[in-house]
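Listed below, chain by chain, are the residues.
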Amino acid sequence: MTGIDQLPLRDELRGKSPYGAPQLHVPVQLNTNESPHPLPEALVRRIAERVAEAARTLNRYPDRDAVALRAQLAAYLTATTGHPLDPAQVWAANGSNEVLQQLLQAFGGPGRTALGFDPSYSMHSLIARGTGTGWISGPRTEEFGVDVAAAEAVIRAHRPEVVFLCSPNNPTGTALPAETILALYEAAQDARRAVDGRGALVVVDEAYAEFSHRPSTLPLIEGRPTLVHTRTMSKAFGAAGLRLGYLAADPAVVDAVQLVRLPYHLSAVTQATASAALEFADTLLGFVEELKAERDRVVEELRALGLDVTVSDANFVQFGRFADAGAVWRRLLDHGVLVRDNGVPGRLRVTTGTRAENDAFLDAVRAVTKESD
Ligand code: PMP
């Protein structure tokens, strides 16, 4: 058996582990921020129709620029943010992870650095590593927000080419005010302009935007050519299995990612399925409203149990504090409930499920906290 260490692997990948939330099959799975609702039957039928249509021309490569799908995504963003977007400002790929990778391939790379504020979405630093981009971990406050003065100091010290602002943030659920995003955008531009006159790319990862109490900051892209917002159909559209992510930015950013995307990266089947799901946006956003109400209920009930719960603008809730979060994670699993230990000291994260799943989770928390009394 050949071990990975015997391979001529890149040095920075030696001894590292791949991204991996445990995929365990237990009665209540609340660990990967998926929607608990299967797609409605009418949408399943529409997908079957659209995929059958696409299948008739599978001998041909798909539309390389996904023009029709990008127009639909632009219309969705226009309708939900109230900010008019042109299809030329939108780009789509296989999950927002691929969008983020394309951004780092185009704007990061060897000799360049990206900055994020931890704890945050672990794939930001993993994709940085995969693209040979240096990584700087900036601080968060006690409440898991981003302090502008502290963040500006890190930006001035390191002058990163790329800055990640995850809002609402995974795994904490914290959203950033528009003023913070604007201040850090300006700081990042100033720091880089001092070096090469070109500014920095600021990526607002809005994977959970539809679940937020705050309006999206996406309209801020207007007149700010290096401000990007990334989105996904994995969460609000309840379509994690589809693998469709997208970005909104200046058309020049879309031109830039086209330099690194693989030709025909988005299959005809994916384009047809995503397009069908977008036809059902209103129905799917109805589920989002239900989940937001359930999320707020889970927050209240956990607080009533005396737990420390982080304010959440996402479809999950961070809760604690536990002397040994790993032990609580295992005991919840013994009760048939899978949550996520993201390595934030003393805290766990639970995805919002159906009312019944959330009740099962809350019952398990009550039982586990009683056991340790
Ligand atoms: N960004 C954040 C903050 C996420 O939490 C996730 C998924 N967990 C993603 C991006 C990637 O999502 P996807 O590739 O499914 O679009």
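This one's a predicted model, so the numbers in the text were calculated from it and none came from an experiment. Every chain's residues receive numbers from 1 upward, in the order its sequence appears when written. Local features in a predicted model are, by the rule used here, given only for residues with pLDDT of at least 70; side-chain atom pairs are given and counted only at 80 or more, and totals for whole chains, interfaces and linings are based on all residues.

## Some remarks on the sheet that holds strand E3 (residues 113-117)
Working definition: the strands of a sheet are paired by backbone hydrogen bonds and lie parallel or antiparallel to each other. Think of it this way: DSSP has to see at least two bridges between two strands before they count as a pair. A helix here means a DSSP run of H or I that spans at least four residues, while a strand means a run of E at least two residues long, and both kinds are numbered starting from the N terminus. Pairing in this open sheet of 7 strands is mixed, and the strands run E2-E8-E7-E6-E5-E3-E4 from one edge to the other. Each end of this open sheet is capped by a strand with a single partner; those strands are strand E2 (90-93) and strand E4 (134-138). The mean inter-strand angle of the sheet, taken between neighbouring strand axes irrespective of direction, is 25°. Relative to strand E6 (residues 201-205), strand E5 (residues 162-166) is paired through 5 bridges, and the arrangement is parallel. Residue pairing for E6: Val162 is matched across the bridge by Leu201. Here the axes come from fitting lines to C-alpha atoms, over the contacting stretch only for helices, and the angles between their N-to-C directions go from 0 to 180 degrees.

## Some words on the UniProt feature "modified residue: N6-(pyridoxal phosphate)lysine" (unreviewed entry) in the protein chain
UniProt positions are given in the numbering used here, feature names are shortened, and annotations may be inferred rather than shown by experiment. Feature annotation in UniProt assigns "modified residue: N6-(pyridoxal phosphate)lysine" (unreviewed entry) to the following positions: Lys235. Along the chain, Lys235 turns up in the loop between strand E7 (227-232) and strand E8 (245-248). By the C-beta count within 10 Å, which is 25 here, Lys235 ends up buried. Each residue is classed by its C-beta neighbour count within 10 Å, where at least 20 other C-beta atoms makes it buried, 12 or fewer makes it exposed, and intermediate counts make it partly exposed; the C-beta atoms are placed from backbone geometry.

## A word on unusual backbone geometry
That bond from Ser167 to Pro168 is cis: its omega, -5°, falls within 30 degrees of zero. Note that Pro168 resides in the loop between E5 and helix H6 (178-196). Residue Pro171 is reached from Asn170 by a cis peptide bond, and omega for that bond is 15°. Structurally, the position occupied by Pro171 is in the loop between E5 and H6. Its identity as a non-glycine residue notwithstanding, Arg159 has a phi of 45°, on the positive side. For Arg159, the location among the structural elements is in the loop between helix H5 (148-158) and E5. For Arg159, a count of 18 C-beta atoms within 10 Å gives the class partly exposed. Positive phi, normally seen in glycine, also occurs at Tyr264, with a value near 60°. Here Tyr264 shows up in the loop between helix H7 (251-257) and helix H8 (268-279).

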